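Per-entry structural report
Residue-level listing of the chains:
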Amino acid sequence: MSAPHVLISGGGIAGIATALQLVRGGIRTTVVERAPEPRPGGQAVDLRGASREAAERMGLMPGIDAHRLHEKGMVYVDGHGRPYGRMPVALFDGRGAVADVEIARGDLNRVLLDALAAAAAEAPGLLSLRYGDRIEALAQDDAGLEVRFGSGGAERFDAVLGADGVHSATRRLAFGPEERFATRLGGYAAFFTMPTPAGIEDGWFSMRIVPRAMLGIRPDRDPATAKAMLTLRVGHDAALRGDRAAQEALIRRLLADAGWQAPAVLAAMGDAADFYFDELARVDVPDVANGRVALVGDAGYCGTPLSGMGTAMALVGAYVLAGELVDAHAEDVPAALARYARRIEPFIADGKKIPFGSLERAVPRTSTGAALGRLTTRIMLSRPLRPLMQRAFAENATDALPLPVAGSDAALATA
Ligand SMILES: Cc1cc2nc3c(=O)[nH]c(=O)nc-3n(C[C@H](O)[C@H](O)[C@H](O)COP(=O)(O)OP(=O)(O)OC[C@H]3O[C@@H](n4cnc5c(N)ncnc54)[C@H](O)[C@@H]3O)c2cc1C
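Criteria and cut-off values
- All residue numbers refer to positions counted from 1 along the written sequence of the respective chain.
- Predicted model: local features are reported for residues with pLDDT of at least 70 only, side-chain atom pairs are reported and counted for 80 or more only, and whole-chain, interface and lining totals are derived from all residues.
- Heavy atoms throughout the structure, all of them, feed into the side-chain values; hydrogens and water do not.
- Counting from the N terminus, the helices are DSSP H or I runs at least four residues long and the strands are E runs at least two residues long.
- To get the radius of gyration, use the C-alpha atoms; to get the globule rule, take the number of residues to the power 0.38 and multiply by 2.2 Å.
- In this analysis, two residues are considered to be in contact whenever any of their non-hydrogen atoms come within 4.5 Å of each other.
- Only the protein chains shown count as cover for residues, and the accessible areas themselves come from Shrake-Rupley with a 1.4 Å probe.
- For the charge count, each Lys or Arg is scored as positive and each Asp or Glu as negative, with His and the chain ends excluded.
- Every charge is mapped to an atom, namely NZ of Lys, CZ of Arg, CG of Asp or CD of Glu.
- Any residue under 20% of the maximum accessible area for its type is buried, any over 50% is exposed, and the rest in between are partly exposed; the area is computed with a 1.4 Å probe on protein chains only.
- A pair of strands is considered paired only if DSSP assigns at least 2 bridges between the two.
- Patches here are clusters of residues that have more than 30% relative accessible area and form no salt bridge, with a 9 Å joining cutoff for like charges and a 5 Å cutoff for nonpolar side chains (Val, Leu, Ile, Met, Phe, Trp, Tyr).
- Any Lys or Arg side-chain nitrogen located within 4 Å of an Asp or Glu carboxyl oxygen qualifies as a salt bridge.
- We call a residue near a given molecule or strand whenever any one of its heavy atoms falls within 4 Å of it.
- Whenever a nitrogen or oxygen atom comes within 3.5 Å of another N or O atom, the pair is scored as a polar contact, on the condition that within protein one atom can donate a hydrogen and the other can accept it, and that pairs from neighbouring residues in sequence are kept only if both atoms are in side chains.
- Each residue gets one label: Ala, Val, Leu, Ile, Met, Phe, Trp, Tyr, Cys and Pro are nonpolar, Asp, Glu, Lys and Arg are charged, and the others, such as Gly, are polar.
- Interaxial angles span 0 to 180 degrees and are taken between N-to-C directions of axes, which are lines fitted to C-alpha atoms, for helices over the stretch in contact.
- For classification, angles of less than 35 degrees are called roughly parallel, those exceeding 145 degrees roughly antiparallel, those between 65 and 115 degrees roughly perpendicular, and all remaining angles oblique.
- Left-handed is the label given to a crossing in which the near helix is rotated counterclockwise from the far helix by less than a right angle, and right-handed is the label when the rotation is clockwise.
- For the domain bounds, the source is a domain assignment made automatically or taken from a database.

1. A word on the overall build of the chain
When you go through the chain residue by residue, the secondary structure sums to 15 helices and 18 strands. The C-alpha atoms of the chain give 21 Å as radius of gyration, which agrees with the globular expectation for 415 residues (22 Å, within 12%). By principal-axis analysis of the C-alpha atoms, the chain measures approximately 65 × 45 × 35 Å. Sequence separation of 24 or more characterises 74% of the internal contacts of the chain that already satisfy a separation of 6 or more. Approximately 17200 Å² of the chain is accessible, and the part contributed by carbon and sulfur atoms is 52%. With 46 positive and 49 negative side-chain charges, the chain shows a separation of 6 Å between the mean positions of the two kinds.

2. So, the pairing of strand β4 (residues 73-77)
Most of β4 sits out of view: five of its five residues are buried. By the alternation rule, side chains of β4 split into Gly73, Val75 and Val77 and Met74 and Tyr76, which are all buried. Where β4 meets strand β5 (residues 83-88), five bridges bridge the pair, whose relative direction is antiparallel. Bridging across to β5, Met74 finds its partner in Met87.

3. Thoughts on the environment of Arg378
Mapped onto the elements of the fold, Arg378 is located in helix α13 (residues 367-380). Here the alpha-carbon distance between Arg378 and Arg82, two residues 296 residues apart in the chain, equals 12 Å.

4. Points about a positive patch on the surface
A surface patch of positive charge is lined by Arg34, Arg39, Arg134, Arg172 and Arg241. Along the chain, Arg134 falls in the loop between β7 (127-131) and β8 (135-141). Overall, the relative accessible area of 44% leaves Arg134 in the partly exposed class.

5. Regarding the sheet that holds strand β17 (residues 289-290)
With mixed pairing, six strands are arranged side by side in an open sheet as β7-β2-β1-β11-β18-β17. Looking at strand neighbours, the two that pair on one side only are β7 and β17, the edges of this open sheet.

6. Structural notes on the site of the ligand
With respect to spatial proximity, 26 residues lie near the ligand, and among them Glu33, Gln43, Arg105, Asp298 and Thr311 are the closest. Within the contact set of the ligand, an oxygen atom lies 3.2 Å away from a backbone nitrogen or oxygen of Ile13. Between Ala14 and the ligand, the recorded distance is 2.9 Å, taken from a backbone N or O atom to an oxygen atom. Coverage of the ligand by the protein amounts to 93% of the 920 Å² it exposes when considered alone. Elements represented by at least two residues in the shell around the ligand include exactly α1 (13-24), β2 (28-33) and α10 (310-326). Ranked by the residues each element gives to the shell around the ligand, the list is headed by α10, at three residues. A per-class count over the shell around the ligand returns ten nonpolar, nine polar and seven charged.

7. Comments concerning the packing of α1 against α10
Their axes nearest at 8 Å, the elements α1 and α10 cross at an angle of 30°. Here α10 runs roughly parallel to α1, going by the angle between their axes. The two elements α1 and α10 cross, and the hand of that crossing is right-handed. Packed against α1, whose contacting residues are Ile13, Ala14, Ala17, Thr18, Gln21 and Leu22, the element α10 presents Thr311, Ala314, Leu315, Ala318, Tyr319, Leu321, Ala322, Leu325 and Val326 at the interface. Looking at the contact of α1 with α10 residue by residue, the class counts come to twelve nonpolar, three polar and no charged.

8. Notes on the domain arrangement of the chain
Per the domain assignment, the segments of the chain are domain 1 (5-68 + 102-182 + 282-355 + 401-412) and domain 2 (73-100 + 184-280 + 356-396). Computed over C-alpha atoms, the centres of domain 1 and domain 2 are 29 Å apart.

Structure follows, in structure tokens:
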């Protein structure tokens, strides 16, 4: 009976968090990430409820606190930058649009990578972290998996974990084609870093809603920069995949008459080194374990950036998955992965909910719809109706479920 050798595809939040816990648990772990180096970027991600507890148990909170964003809340603005509704963090008890623990996605990835480097230094020989490589093919047999890599060469592993995001190659190879599991929600999201424009309210997440587009500007840790966040309501266009010029052209078209800070956002977009653009697609995989392969994070249960829970689910998934694997021998891997799939299921259902409905409700199609949306927001966030909104946010919160804890978790918890 030997400890398993685990391969993780994808070095994002889910992949690095899983690797961290496995290495700490004494498991030999290989990570392959397609990008040539860690991918920076991404706007603020929320840590609430179970994901915060997972971060605490993984000993990540000191690192997170050092990079924490201190947002005051969200403010809705019109085409001239005039506020018409506010949602302060304190009034919504950290359960409104802005949570009390917010960290930029790239910073969280850095915190995880630093923790992984420290864990690997204490356990030499356990971690192999390879950038610029990917899984090309995999085949399961009774005793393990044979994996062929894009860089050439083949190796055997006891488990393969797909943490390679919404368009997961692991999912395609071991579960089936993307169309079977991904549902397009009728839009796209884009994120990038920009210089903080003049006239933006310090510390507030400012939001402008126009027909077919939602434009947000969020504060960064560095006051000189801010994060632009775009949600676009347009149908699927295959030509947009991987074509940055076409993606930028679409954004320019939709923001042409947006007013406010749209010109500054568009001016910064072309130079953004961390420009991220993807279709809004929900991923539903009925069983995220298939023999010796399991999916974690967006690869298995993406709820889209609209859910606001992608990173939270990735952290909880990584924690639970690693918890099941650290006690397993190579022979027990399928049973351990099946247990992970069962334990994570309630979170998958809960975390994929889109607060207050859908893209259609969040982003209007016409200027009349946008005007009506502004009026409704103004009324709903007015002082007399605040208690109603506070209750609605508390009821819509996707942070109610406790972190599932297994026997081995206690051994892994560092905090
Ligand atoms: C650069 C970037 C910026 C993002 N910004 C935001 C944001 O601002 N707001 C938001 O809500 N969500 C954002 N996301 C998505 C968010 O990170 C996830 O929803 C969430 O954190 C779950 O993480 P994940 O690790 O499952 O997926 P991801 O963070 O998408 O990570 C998947 C990783 O797998 C790698 N990968 C993909 N295919 C392969 C392959 N075939 N082989 C090997 N590696 C592969 C990718 O390069 C990536 O590093 C961003 C993702 C990325 C990569």
